[in-house]
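If you want the building blocks of each chain, they are given just below.
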Amino acid sequence: MAVIELNGLTKTYGRVRAVDDLTFTVPPGRVTGFVGANGAGKTTTMRMLLGLTRPTAGTALVDGRQYVDLPHPVRTIGALVDPDVFHPNRSGRNALRVIARASDIPDRRVDEVLDLVGLAEAGGRRVGGFSMGMRQRLALAAALLGDPETLLLDEPGNGLDPQGMHWLRGLIRSMAAEGRTIFLSSHLLAELAQTVDEVVIIADGRLVTQQPMAGLVDSSRGASLEEVYLRLTDLAPSQPEQTQDMP
Amino acid sequence: MKSLVSAELLKLRTTASLWVAAGVVVAMSLAVPVVLVLSPSGVDIPEITPAALAELMRAPASVAGGAVLLVGLLAAAGEFRHHTVLTTRLVEPRSGRVLGAKLVAIALVGLALGLLAELVSGVAGAVVLSADGVDLEPLSHGVPRVAVTVPLLVALHGLVGVAVGALVRSTAGAVGATLVWVFVVEGVLPVVTRSPWMVHWLPGGTVHQILAAETPAGQLTPVAAGALLLGYVAALVTATAVLDSRREL
(Lines give C-alpha, C1' and ligand atoms only; values in the text may rest on other atoms or scores of the structure.)
Protein backbone atom coordinates (compact mmCIF):
# COMPACT_ATOMS: atom_id res chain seq x y z
CA MET A 1 0.00 0.00 0.00
CA ALA A 2 1.22 3.50 -0.80
CA VAL A 3 2.16 5.47 2.27
CA ILE A 4 1.07 8.81 0.82
CA GLU A 5 -1.73 8.93 -1.71
CA LEU A 6 -3.14 12.03 -3.39
CA ASN A 7 -6.25 11.67 -5.48
CA GLY A 8 -7.64 14.59 -7.48
CA LEU A 9 -6.29 17.00 -4.89
CA THR A 10 -7.33 20.55 -5.70
CA LYS A 11 -7.05 23.86 -3.89
CA THR A 12 -8.37 27.15 -5.16
CA TYR A 13 -7.96 30.60 -3.62
CA GLY A 14 -10.55 32.76 -5.36
CA ARG A 15 -9.76 32.42 -9.05
CA VAL A 16 -6.30 30.98 -8.46
CA ARG A 17 -5.94 27.19 -8.68
CA ALA A 18 -2.93 26.63 -6.45
CA VAL A 19 -3.22 22.85 -6.78
CA ASP A 20 -5.09 21.37 -9.70
CA ASP A 21 -6.39 17.79 -9.70
CA LEU A 22 -3.15 16.39 -8.37
CA THR A 23 -2.93 12.59 -8.28
CA PHE A 24 0.15 10.60 -7.35
CA THR A 25 1.43 8.19 -4.74
CA VAL A 26 4.57 8.13 -2.64
CA PRO A 27 5.65 4.51 -2.32
CA PRO A 28 6.80 3.14 1.04
CA GLY A 29 10.45 2.77 1.92
CA ARG A 30 11.70 5.16 -0.76
CA VAL A 31 12.92 8.74 -0.91
CA THR A 32 10.66 10.76 -3.18
CA GLY A 33 11.61 14.25 -4.28
CA PHE A 34 8.87 16.83 -4.89
CA VAL A 35 10.01 19.39 -7.43
CA GLY A 36 8.40 22.52 -8.77
CA ALA A 37 8.96 26.23 -9.20
CA ASN A 38 8.04 28.79 -6.54
CA GLY A 39 4.26 28.94 -6.43
CA ALA A 40 3.89 25.60 -8.21
CA GLY A 41 1.82 24.30 -5.30
CA LYS A 42 4.34 22.14 -3.41
CA THR A 43 3.83 23.71 0.01
CA THR A 44 0.06 23.90 -0.43
CA THR A 45 0.03 20.22 -1.36
CA MET A 46 2.09 19.31 1.69
CA ARG A 47 -0.09 21.45 3.96
CA MET A 48 -3.22 19.72 2.65
CA LEU A 49 -1.60 16.37 3.29
CA LEU A 50 -0.99 17.44 6.89
CA GLY A 51 -4.50 18.80 7.42
CA LEU A 52 -3.22 22.38 7.79
CA THR A 53 -5.05 23.52 4.65
CA ARG A 54 -8.46 22.24 3.58
CA PRO A 55 -8.65 20.86 0.01
CA THR A 56 -11.25 22.33 -2.31
CA ALA A 57 -11.61 18.86 -3.82
CA GLY A 58 -9.93 15.48 -3.73
CA THR A 59 -8.21 13.59 -0.97
CA ALA A 60 -4.76 13.40 0.57
CA LEU A 61 -4.14 10.27 2.61
CA VAL A 62 -1.36 9.03 4.85
CA ASP A 63 -1.42 5.28 5.47
CA GLY A 64 -4.91 5.23 3.97
CA ARG A 65 -6.33 7.90 6.29
CA GLN A 66 -6.70 11.64 6.32
CA TYR A 67 -4.19 13.25 8.67
CA VAL A 68 -6.97 14.33 11.04
CA ASP A 69 -8.00 10.67 11.44
CA LEU A 70 -4.54 9.34 12.28
CA PRO A 71 -4.57 7.95 15.83
CA HIS A 72 -0.99 9.07 16.51
CA PRO A 73 -0.08 11.67 13.86
CA VAL A 74 3.39 12.57 15.13
CA ARG A 75 4.34 8.90 15.47
CA THR A 76 3.05 8.16 11.96
CA ILE A 77 4.45 11.02 9.89
CA GLY A 78 7.04 13.57 10.95
CA ALA A 79 6.73 16.89 9.19
CA LEU A 80 8.97 19.88 8.63
CA VAL A 81 6.89 22.60 7.01
CA ASP A 82 8.52 25.78 8.32
CA PRO A 83 11.56 26.42 10.52
CA ASP A 84 9.85 29.34 12.26
CA VAL A 85 7.30 27.42 14.28
CA PHE A 86 8.81 27.85 17.74
CA HIS A 87 8.23 30.49 20.40
CA PRO A 88 11.33 32.72 20.39
CA ASN A 89 11.46 32.97 24.19
CA ARG A 90 11.23 29.24 24.77
CA SER A 91 14.38 27.13 24.77
CA GLY A 92 14.87 24.62 21.98
CA ARG A 93 14.59 21.79 24.48
CA ASN A 94 11.35 23.16 25.95
CA ALA A 95 9.92 23.71 22.46
CA LEU A 96 10.41 19.99 21.80
CA ARG A 97 9.22 19.01 25.28
CA VAL A 98 5.90 20.70 24.54
CA ILE A 99 5.43 18.53 21.43
CA ALA A 100 6.62 15.44 23.30
CA ARG A 101 4.27 16.08 26.21
CA ALA A 102 1.27 16.45 23.91
CA SER A 103 2.17 13.24 22.08
CA ASP A 104 2.96 11.10 25.14
CA ILE A 105 6.60 10.88 24.08
CA PRO A 106 9.11 10.60 26.97
CA ASP A 107 11.42 13.58 27.59
CA ARG A 108 14.51 11.43 27.01
CA ARG A 109 13.54 11.27 23.31
CA VAL A 110 13.87 15.08 23.22
CA ASP A 111 17.53 14.80 24.17
CA GLU A 112 18.02 11.99 21.65
CA VAL A 113 16.73 14.05 18.72
CA LEU A 114 18.57 17.18 19.87
CA ASP A 115 21.73 15.11 19.80
CA LEU A 116 20.79 13.66 16.40
CA VAL A 117 20.46 17.11 14.81
CA GLY A 118 23.55 18.51 16.52
CA LEU A 119 21.76 20.80 18.97
CA ALA A 120 22.51 18.92 22.20
CA GLU A 121 24.56 21.79 23.63
CA ALA A 122 22.39 24.60 22.23
CA GLY A 123 19.14 22.99 23.40
CA GLY A 124 18.96 25.11 26.52
CA ARG A 125 19.24 28.39 24.64
CA ARG A 126 16.31 30.57 23.55
CA VAL A 127 15.09 29.77 20.04
CA GLY A 128 15.05 33.52 19.35
CA GLY A 129 18.85 33.44 19.45
CA PHE A 130 19.12 30.56 16.99
CA SER A 131 20.43 31.04 13.45
CA MET A 132 18.20 30.04 10.52
CA GLY A 133 20.17 26.82 10.15
CA MET A 134 19.73 25.99 13.84
CA ARG A 135 15.99 26.62 13.62
CA GLN A 136 15.87 24.34 10.60
CA ARG A 137 17.69 21.63 12.59
CA LEU A 138 15.27 22.14 15.48
CA ALA A 139 12.31 21.78 13.12
CA LEU A 140 13.87 18.59 11.82
CA ALA A 141 14.27 17.37 15.40
CA ALA A 142 10.57 18.04 15.94
CA ALA A 143 9.75 15.96 12.86
CA LEU A 144 11.87 13.09 14.18
CA LEU A 145 10.51 13.26 17.72
CA GLY A 146 7.86 10.59 17.24
CA ASP A 147 10.30 8.26 15.45
CA PRO A 148 7.87 8.11 12.50
CA GLU A 149 8.05 5.68 9.60
CA THR A 150 7.31 8.51 7.18
CA LEU A 151 8.94 11.93 6.92
CA LEU A 152 7.60 14.90 5.00
CA LEU A 153 10.18 17.63 4.60
CA ASP A 154 9.44 20.93 2.87
CA GLU A 155 12.70 22.53 1.77
CA PRO A 156 14.75 20.98 4.59
CA GLY A 157 17.98 22.50 3.25
CA ASN A 158 16.83 26.11 3.65
CA GLY A 159 19.30 28.08 5.74
CA LEU A 160 21.82 25.28 6.01
CA ASP A 161 25.47 26.01 5.18
CA PRO A 162 27.50 23.55 3.08
CA GLN A 163 28.46 21.61 6.20
CA GLY A 164 24.79 21.52 7.19
CA MET A 165 23.78 20.32 3.72
CA HIS A 166 26.34 17.54 3.96
CA TRP A 167 24.96 16.59 7.35
CA LEU A 168 21.36 16.70 6.06
CA ARG A 169 22.21 14.48 3.10
CA GLY A 170 23.74 11.92 5.47
CA LEU A 171 20.76 12.09 7.78
CA ILE A 172 18.27 11.54 4.97
CA ARG A 173 20.31 8.63 3.66
CA SER A 174 20.52 7.03 7.08
CA MET A 175 16.76 7.45 7.56
CA ALA A 176 16.15 5.93 4.13
CA ALA A 177 18.49 3.05 4.95
CA GLU A 178 16.31 2.27 7.94
CA GLY A 179 13.43 1.75 5.49
CA ARG A 180 11.59 4.99 6.21
CA THR A 181 9.51 6.71 3.58
CA ILE A 182 10.74 10.22 2.87
CA PHE A 183 8.86 12.80 0.83
CA LEU A 184 10.83 15.99 0.43
CA SER A 185 10.60 19.13 -1.63
CA SER A 186 13.63 21.14 -2.63
CA HIS A 187 14.81 23.73 -5.08
CA LEU A 188 18.32 22.32 -4.89
CA LEU A 189 17.96 19.89 -7.77
CA ALA A 190 21.60 18.78 -7.87
CA GLU A 191 21.35 18.03 -4.16
CA LEU A 192 18.03 16.28 -4.61
CA ALA A 193 19.37 14.13 -7.45
CA GLN A 194 21.94 12.66 -5.07
CA THR A 195 19.34 11.73 -2.50
CA VAL A 196 16.07 10.60 -4.05
CA ASP A 197 14.87 7.34 -5.57
CA GLU A 198 11.76 8.82 -7.15
CA VAL A 199 10.83 12.26 -8.48
CA VAL A 200 7.45 13.99 -8.66
CA ILE A 201 7.49 17.18 -10.75
CA ILE A 202 4.62 19.66 -10.67
CA ALA A 203 4.02 22.96 -12.44
CA ASP A 204 1.13 25.37 -11.98
CA GLY A 205 -0.36 23.00 -9.44
CA ARG A 206 -0.54 20.12 -11.93
CA LEU A 207 1.40 16.90 -12.15
CA VAL A 208 4.06 16.96 -14.85
CA THR A 209 5.61 13.58 -14.20
CA GLN A 210 6.41 10.99 -11.59
CA GLN A 211 9.29 8.65 -12.32
CA PRO A 212 12.08 6.74 -10.64
CA MET A 213 15.16 8.94 -10.57
CA ALA A 214 17.25 6.41 -12.47
CA GLY A 215 14.63 6.03 -15.19
CA LEU A 216 14.25 9.78 -15.54
CA VAL A 217 17.96 10.31 -16.11
CA ASP A 218 18.29 7.25 -18.38
CA SER A 219 15.37 8.31 -20.55
CA SER A 220 16.93 11.76 -20.84
CA ARG A 221 20.27 10.34 -22.04
CA GLY A 222 22.16 11.29 -18.93
CA ALA A 223 20.83 14.82 -18.61
CA SER A 224 20.88 16.26 -15.10
CA LEU A 225 17.70 16.49 -13.04
CA GLU A 226 17.83 20.25 -13.51
CA GLU A 227 17.93 19.91 -17.31
CA VAL A 228 15.12 17.36 -17.27
CA TYR A 229 13.07 19.53 -14.93
CA LEU A 230 13.48 22.65 -17.09
CA ARG A 231 12.60 20.73 -20.24
CA LEU A 232 9.51 19.11 -18.72
CA THR A 233 8.16 22.20 -17.01
CA ASP A 234 8.42 24.21 -20.22
CA LEU A 235 5.91 21.72 -21.63
CA ALA A 236 3.83 21.54 -18.50
CA PRO A 237 1.14 24.24 -18.93
CA SER A 238 -0.20 22.84 -22.19
CA GLN A 239 1.02 19.26 -22.26
CA PRO A 240 1.16 17.45 -18.94
CA GLU A 241 3.03 14.19 -19.16
CA GLN A 242 1.59 11.35 -17.06
CA THR A 243 4.31 8.75 -16.83
CA GLN A 244 3.60 7.32 -13.44
CA ASP A 245 2.98 3.83 -14.79
CA MET A 246 5.93 3.74 -17.13
CA PRO A 247 8.16 0.73 -16.62
CA MET B 1 -6.84 15.21 26.38
CA LYS B 2 -4.77 14.95 29.55
CA SER B 3 -1.57 15.04 27.47
CA LEU B 4 -2.76 18.11 25.57
CA VAL B 5 -3.63 19.94 28.79
CA SER B 6 -0.25 18.99 30.22
CA ALA B 7 1.45 20.36 27.08
CA GLU B 8 -0.55 23.60 27.30
CA LEU B 9 0.45 24.00 30.94
CA LEU B 10 4.08 23.46 29.95
CA LYS B 11 3.71 26.14 27.25
CA LEU B 12 2.40 28.56 29.84
CA ARG B 13 5.14 27.72 32.32
CA THR B 14 7.90 28.20 29.75
CA THR B 15 7.00 31.74 28.71
CA ALA B 16 7.39 34.92 30.73
CA SER B 17 3.79 36.13 30.68
CA LEU B 18 2.60 33.67 33.36
CA TRP B 19 5.37 34.60 35.79
CA VAL B 20 4.92 38.33 35.18
CA ALA B 21 1.20 37.89 35.82
CA ALA B 22 1.90 35.93 39.01
CA GLY B 23 4.23 38.69 40.21
CA VAL B 24 1.62 41.36 39.49
CA VAL B 25 -1.07 39.37 41.30
CA VAL B 26 1.09 38.88 44.41
CA ALA B 27 2.17 42.54 44.38
CA MET B 28 -1.38 43.83 44.09
CA SER B 29 -2.64 41.37 46.71
CA LEU B 30 -0.08 42.80 49.13
CA ALA B 31 -0.52 46.39 48.03
CA VAL B 32 -3.92 47.13 49.56
CA PRO B 33 -3.13 45.85 53.09
CA VAL B 34 0.28 47.55 52.94
CA VAL B 35 -1.31 50.85 51.91
CA LEU B 36 -3.68 50.47 54.83
CA VAL B 37 -0.73 50.05 57.22
CA LEU B 38 1.22 52.93 55.75
CA SER B 39 -1.69 55.37 55.64
CA PRO B 40 -0.81 58.27 57.92
CA SER B 41 -3.16 59.00 60.73
CA GLY B 42 -5.64 61.69 59.95
CA VAL B 43 -6.32 60.34 56.45
CA ASP B 44 -10.02 59.93 55.83
CA ILE B 45 -10.31 56.16 56.08
CA PRO B 46 -13.58 54.62 57.22
CA GLU B 47 -13.55 52.86 60.54
CA ILE B 48 -11.96 49.45 60.16
CA THR B 49 -14.26 46.60 61.15
CA PRO B 50 -13.94 42.79 60.94
CA ALA B 51 -15.76 43.04 57.56
CA ALA B 52 -12.62 44.72 56.16
CA LEU B 53 -10.99 41.31 55.71
CA ALA B 54 -13.50 40.40 53.01
CA GLU B 55 -12.95 43.78 51.36
CA LEU B 56 -9.19 43.24 51.35
CA MET B 57 -9.68 39.81 49.79
CA ARG B 58 -12.00 41.25 47.11
CA ALA B 59 -9.47 43.89 46.16
CA PRO B 60 -7.11 41.79 43.97
CA ALA B 61 -9.96 40.24 41.94
CA SER B 62 -9.88 42.78 39.12
CA VAL B 63 -6.11 42.82 38.73
CA ALA B 64 -5.82 39.03 38.95
CA GLY B 65 -8.68 38.61 36.47
CA GLY B 66 -7.14 41.10 34.07
CA ALA B 67 -3.70 39.50 34.38
CA VAL B 68 -4.99 36.00 33.67
CA LEU B 69 -7.16 37.30 30.83
CA LEU B 70 -3.99 38.73 29.29
CA VAL B 71 -2.09 35.47 29.83
CA GLY B 72 -4.89 33.54 28.10
CA LEU B 73 -5.09 36.03 25.29
CA LEU B 74 -1.33 35.89 24.67
CA ALA B 75 -1.34 32.10 24.91
CA ALA B 76 -4.02 31.76 22.21
CA ALA B 77 -3.21 34.64 19.87
CA GLY B 78 0.54 34.14 20.38
CA GLU B 79 0.23 30.74 18.69
CA PHE B 80 -0.58 32.60 15.47
CA ARG B 81 1.95 35.36 16.01
CA HIS B 82 4.82 32.91 16.46
CA HIS B 83 3.40 30.26 14.08
CA THR B 84 3.56 27.69 16.87
CA VAL B 85 -0.01 26.83 15.92
CA LEU B 86 1.47 24.74 13.08
CA THR B 87 3.28 22.38 15.44
CA THR B 88 0.29 22.39 17.78
CA ARG B 89 -2.02 21.28 14.95
CA LEU B 90 0.46 18.70 13.66
CA VAL B 91 0.33 17.06 17.07
CA GLU B 92 -3.46 17.42 17.41
CA PRO B 93 -5.19 18.25 14.12
CA ARG B 94 -8.64 18.62 15.70
CA SER B 95 -9.05 22.30 16.51
CA GLY B 96 -11.78 21.68 19.10
CA ARG B 97 -9.51 19.51 21.21
CA VAL B 98 -6.71 22.09 21.03
CA LEU B 99 -9.07 24.86 22.12
CA GLY B 100 -10.49 22.65 24.86
CA ALA B 101 -7.02 21.89 26.20
CA LYS B 102 -6.13 25.58 26.21
CA LEU B 103 -9.32 26.44 28.08
CA VAL B 104 -8.74 23.75 30.73
CA ALA B 105 -5.10 24.83 31.15
CA ILE B 106 -5.91 28.52 31.56
CA ALA B 107 -8.77 27.69 33.93
CA LEU B 108 -6.35 25.75 36.12
CA VAL B 109 -3.86 28.63 35.98
CA GLY B 110 -6.67 31.08 36.79
CA LEU B 111 -7.77 29.03 39.77
CA ALA B 112 -4.19 28.78 41.02
CA LEU B 113 -3.49 32.51 40.67
CA GLY B 114 -6.88 33.35 42.14
CA LEU B 115 -6.17 31.15 45.16
CA LEU B 116 -2.71 32.72 45.44
CA ALA B 117 -4.28 36.18 45.41
CA GLU B 118 -6.74 35.17 48.12
CA LEU B 119 -4.04 33.55 50.23
CA VAL B 120 -1.72 36.55 50.02
CA SER B 121 -4.42 39.18 50.52
CA GLY B 122 -6.08 37.10 53.27
CA VAL B 123 -2.89 36.53 55.26
CA ALA B 124 -1.61 40.09 54.75
CA GLY B 125 -5.04 41.48 55.59
CA ALA B 126 -5.26 39.35 58.73
CA VAL B 127 -1.84 40.52 59.89
CA VAL B 128 -2.70 44.18 59.26
CA LEU B 129 -6.11 43.97 60.92
CA SER B 130 -4.74 42.07 63.93
CA ALA B 131 -2.02 44.66 64.36
CA ASP B 132 -4.73 47.31 64.32
CA GLY B 133 -6.62 45.53 67.08
CA VAL B 134 -9.49 44.40 64.87
CA ASP B 135 -11.05 41.05 65.77
CA LEU B 136 -10.62 38.52 62.99
CA GLU B 137 -13.78 36.71 61.92
CA PRO B 138 -12.61 34.64 58.93
CA LEU B 139 -15.84 32.66 58.65
CA SER B 140 -18.10 35.70 58.70
CA HIS B 141 -18.83 38.81 56.62
CA GLY B 142 -18.70 36.88 53.37
CA VAL B 143 -15.03 35.93 53.68
CA PRO B 144 -15.52 32.25 52.67
CA ARG B 145 -17.70 33.30 49.70
CA VAL B 146 -15.09 35.77 48.50
CA ALA B 147 -12.29 33.22 48.94
CA VAL B 148 -14.13 30.77 46.68
CA THR B 149 -15.62 33.25 44.21
CA VAL B 150 -12.47 35.22 43.35
CA PRO B 151 -10.50 32.18 42.02
CA LEU B 152 -13.53 31.10 39.98
CA LEU B 153 -13.86 34.60 38.51
CA VAL B 154 -10.15 34.74 37.71
CA ALA B 155 -10.46 31.38 35.92
CA LEU B 156 -13.42 32.71 33.91
CA HIS B 157 -11.32 35.73 32.88
CA GLY B 158 -8.72 33.27 31.58
CA LEU B 159 -11.37 31.49 29.48
CA VAL B 160 -12.37 34.84 27.99
CA GLY B 161 -8.73 35.63 27.20
CA VAL B 162 -8.17 32.32 25.39
CA ALA B 163 -11.45 32.62 23.49
CA VAL B 164 -10.76 36.19 22.35
CA GLY B 165 -7.16 35.34 21.43
CA ALA B 166 -8.22 32.32 19.38
CA LEU B 167 -11.01 34.31 17.76
CA VAL B 168 -8.95 37.35 16.77
CA ARG B 169 -5.66 35.44 16.09
CA SER B 170 -3.57 38.57 16.62
CA THR B 171 -2.12 39.66 19.96
CA ALA B 172 -2.39 43.37 19.14
CA GLY B 173 -5.89 42.91 17.74
CA ALA B 174 -7.05 40.86 20.70
CA VAL B 175 -5.65 43.32 23.25
CA GLY B 176 -7.21 46.18 21.28
CA ALA B 177 -10.58 44.45 21.08
CA THR B 178 -10.52 43.77 24.83
CA LEU B 179 -9.66 47.39 25.66
CA VAL B 180 -12.39 48.67 23.32
CA TRP B 181 -14.87 46.37 25.03
CA VAL B 182 -13.86 47.39 28.56
CA PHE B 183 -13.57 51.14 28.00
CA VAL B 184 -15.97 51.83 25.13
CA VAL B 185 -18.71 49.22 25.31
CA GLU B 186 -18.83 48.85 29.10
CA GLY B 187 -17.55 52.30 30.03
CA VAL B 188 -18.91 54.79 27.54
CA LEU B 189 -21.90 53.12 25.91
CA PRO B 190 -24.20 53.14 28.99
CA VAL B 191 -23.38 56.84 29.46
CA VAL B 192 -23.88 58.06 25.89
CA THR B 193 -27.07 56.03 25.50
CA ARG B 194 -28.23 57.28 28.90
CA SER B 195 -28.87 53.70 29.94
CA PRO B 196 -27.09 53.26 33.28
CA TRP B 197 -29.06 50.04 33.93
CA MET B 198 -27.06 48.52 31.05
CA VAL B 199 -23.94 48.41 33.24
CA HIS B 200 -25.45 45.70 35.44
CA TRP B 201 -26.16 43.43 32.49
CA LEU B 202 -22.79 43.64 30.76
CA PRO B 203 -20.02 41.15 31.68
CA GLY B 204 -17.94 43.63 33.69
CA GLY B 205 -21.01 44.66 35.65
CA THR B 206 -21.87 41.06 36.48
CA VAL B 207 -18.40 40.59 38.00
CA HIS B 208 -18.95 43.50 40.39
CA GLN B 209 -22.38 42.20 41.36
CA ILE B 210 -21.02 38.69 41.98
CA LEU B 211 -18.46 40.10 44.41
CA ALA B 212 -20.70 42.72 46.02
CA ALA B 213 -21.28 42.34 49.75
CA GLU B 214 -24.89 43.43 49.34
CA THR B 215 -27.37 43.58 46.49
CA PRO B 216 -28.93 47.05 46.14
CA ALA B 217 -32.37 47.37 44.58
CA GLY B 218 -32.34 47.13 40.81
CA GLN B 219 -29.18 45.02 40.66
CA LEU B 220 -28.73 41.31 40.07
CA THR B 221 -28.14 38.92 42.93
CA PRO B 222 -24.68 37.28 42.94
CA VAL B 223 -26.23 33.99 41.74
CA ALA B 224 -28.13 35.65 38.88
CA ALA B 225 -25.09 37.69 37.91
CA GLY B 226 -22.95 34.54 38.01
CA ALA B 227 -25.39 32.70 35.75
CA LEU B 228 -25.39 35.61 33.30
CA LEU B 229 -21.60 35.78 33.26
CA LEU B 230 -21.38 32.02 32.66
CA GLY B 231 -23.78 32.48 29.75
CA TYR B 232 -21.62 35.20 28.23
CA VAL B 233 -18.48 33.09 28.56
CA ALA B 234 -20.20 29.99 27.16
CA ALA B 235 -21.48 31.97 24.16
CA LEU B 236 -18.03 33.43 23.47
CA VAL B 237 -16.31 30.04 23.77
CA THR B 238 -18.91 28.38 21.53
CA ALA B 239 -18.59 31.08 18.87
CA THR B 240 -14.80 30.73 18.96
CA ALA B 241 -14.97 26.93 18.69
CA VAL B 242 -17.37 27.08 15.72
CA LEU B 243 -15.34 29.71 13.84
CA ASP B 244 -12.05 28.01 14.69
CA SER B 245 -13.26 24.73 13.19
CA ARG B 246 -14.23 26.49 9.94
CA ARG B 247 -11.16 28.64 9.44
CA GLU B 248 -7.86 27.58 7.93
CA LEU B 249 -4.50 28.25 9.47
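In this text the structure is predicted, and so the values were computed from the model without any measurement.

Draft legend 1. Spatial organisation of the overall build of chain B. Broken down by element type, chain B carries eleven helices and zero strands. Helices (α) and strands (β) of chain B occur, in sequence order from the N terminus, as α-α-α-α-α-α-α-α-α-α-α. What you see for chain B is a C-alpha radius of gyration of 19 Å, in line with the 18 Å of a compact globule of 249 residues. If one aligns the C-alpha atoms of chain B with their principal axes, the spans along those axes are about 60 × 45 × 30 Å. By the burial criterion, 40% of the 249 residues in chain B qualify as buried. For chain B, the share of sequence-separated contacts (at least 6 apart) that also reach a separation of at least 24 residues comes to 83%.

Draft legend 2. Representation of the nonpolar core. L96, L138, A141 and L145 of chain A together with V71 of chain B are the most contacted members of the largest nonpolar core, which has 141 residues in total. The element that contributes the greatest number of residues to this core is helix α7 (residues 143-168) of chain B, accounting for 15 residues.

Draft legend 3. Local environment of the interface of chain A and chain B. Every contact between the two is made by 28 residues of chain A and, on the other side, 22 residues of chain B. Tallying contributions element by element places helix α3 (residues 92-102) of chain A first for the side of chain A that touches chain B, with six residues. Along the lines of polarity and charge, the residues of the side of chain A that touches chain B split into 15 nonpolar, six polar and seven charged.

Draft legend 4. Region of the structure containing the sheet that holds strand β2 (residues 16-26) of chain A. Residue and element names in this part refer to chain A. With antiparallel pairing, three strands are arranged side by side in an open sheet as β2-β1-β4. Both outer strands of the open sheet, β2 and β4 (57-62), are each paired with one neighbouring strand and no more. Pairs of neighbouring strands in the sheet enclose a mean axial angle of 20°, with direction left out of account. Where strand β1 (residues 4-13) lies against β4, five bridges are found, and the strand directions are antiparallel. Pairing of T10 across the sheet is with A57, part of β4. Along the sheet, helix α1 (residues 42-49) contacts β1, β2 and β4; its crossing angle with β1, the most-contacted strand, is approximately 115°.

Draft legend 5. Main features of the environment of A227 of chain B. Here A227 of chain B shows up in helix α11 (residues 222-246). A227 of chain B gets classed as partly exposed once you count the C-beta atoms within 10 Å, which come to 13.

Draft legend 6. Structural detail: the pairing of strand β6 (residues 150-154) of chain A. Residues and elements named next belong to chain A. β6 sits mainly inside the fold: four of its five residues count as buried. Across four bridges, strand β5 (residues 77-80) lies against β6 in parallel orientation. Within β6, the position partnered with I77 by the bridge is T150. Pairing geometry for β6 and strand β7 (residues 181-185), over five bridges, is parallel. Looking at β7, one finds that L152 is bridged to F183. In this fold, the crossover linking β6 to β7 by way of helix α6 (residues 162-177) has right-handed handedness.

Draft legend 7. Structural view of the confidence of the model for chain B. Per-residue confidence for chain B gives a mean pLDDT of 88; residues scoring 70 or more make up 96%. Taken together, the chains of this predicted complex give a pTM of 0.87 and an interface ipTM of 0.84.

Draft legend 8. Main features of the packing of helix α4 (residues 61-81) of chain B against α7 of chain B. All names here are of chain B. Relative orientation of the contacting elements α4 and α7 amounts to 30°, with a least axis distance of 7 Å. Here α4 is positioned roughly parallel relative to α7, judged by the angle of their axes. Classified by chirality, the crossing of α7 by α4 is right-handed. Classifying every residue of the contact of α4 with α7 by side-chain character gives 19 nonpolar, seven polar and no charged.

Draft legend 9. Summary view of α7 of chain B. Over its 26 residues, α7 of chain B runs 37 Å from end to end, which matches the ideal 38 Å to within 8%, given 1.5 Å per residue. When you tally the buried positions in α7 of chain B, you get 21 out of 26 residues, the bulk of the element.

What counts and what doesn't
Residues numbered from 1 in each chain as written. Chains lettered and ligands numbered in written order. Predicted model: local features only at pLDDT ≥ 70, side-chain atom pairs only at ≥ 80, totals over all residues. Helix = DSSP H or I, 4+ residues; strand = E, 2+ residues; numbered from the N terminus. Rg over C-alpha atoms; globule rule 2.2 N^0.38 Å. Buried ≥ 20, exposed ≤ 12 C-beta atoms within 10 Å, placed from the backbone. Contact = placed C-beta atoms within 7 Å. Core = buried A, V, L, I, M, F, W, Y, C linked by C-beta atoms within 7 Å. Nonpolar A, V, L, I, M, F, W, Y, C, P; charged D, E, K, R; others polar. Pairing = 2+ DSSP bridges. Axes fitted to C-alpha atoms, helices over the stretch in contact; angles between N-to-C directions. Right-handed = clockwise from strand over helix to strand, strands pointing away. pLDDT = per-residue confidence, 0-100. Parallel < 35°, antiparallel > 145°, perpendicular 65-115°, else oblique. Left-handed = near helix turned anticlockwise from the far one by under 90°. Expected span 1.5 Å × (residues − 1).

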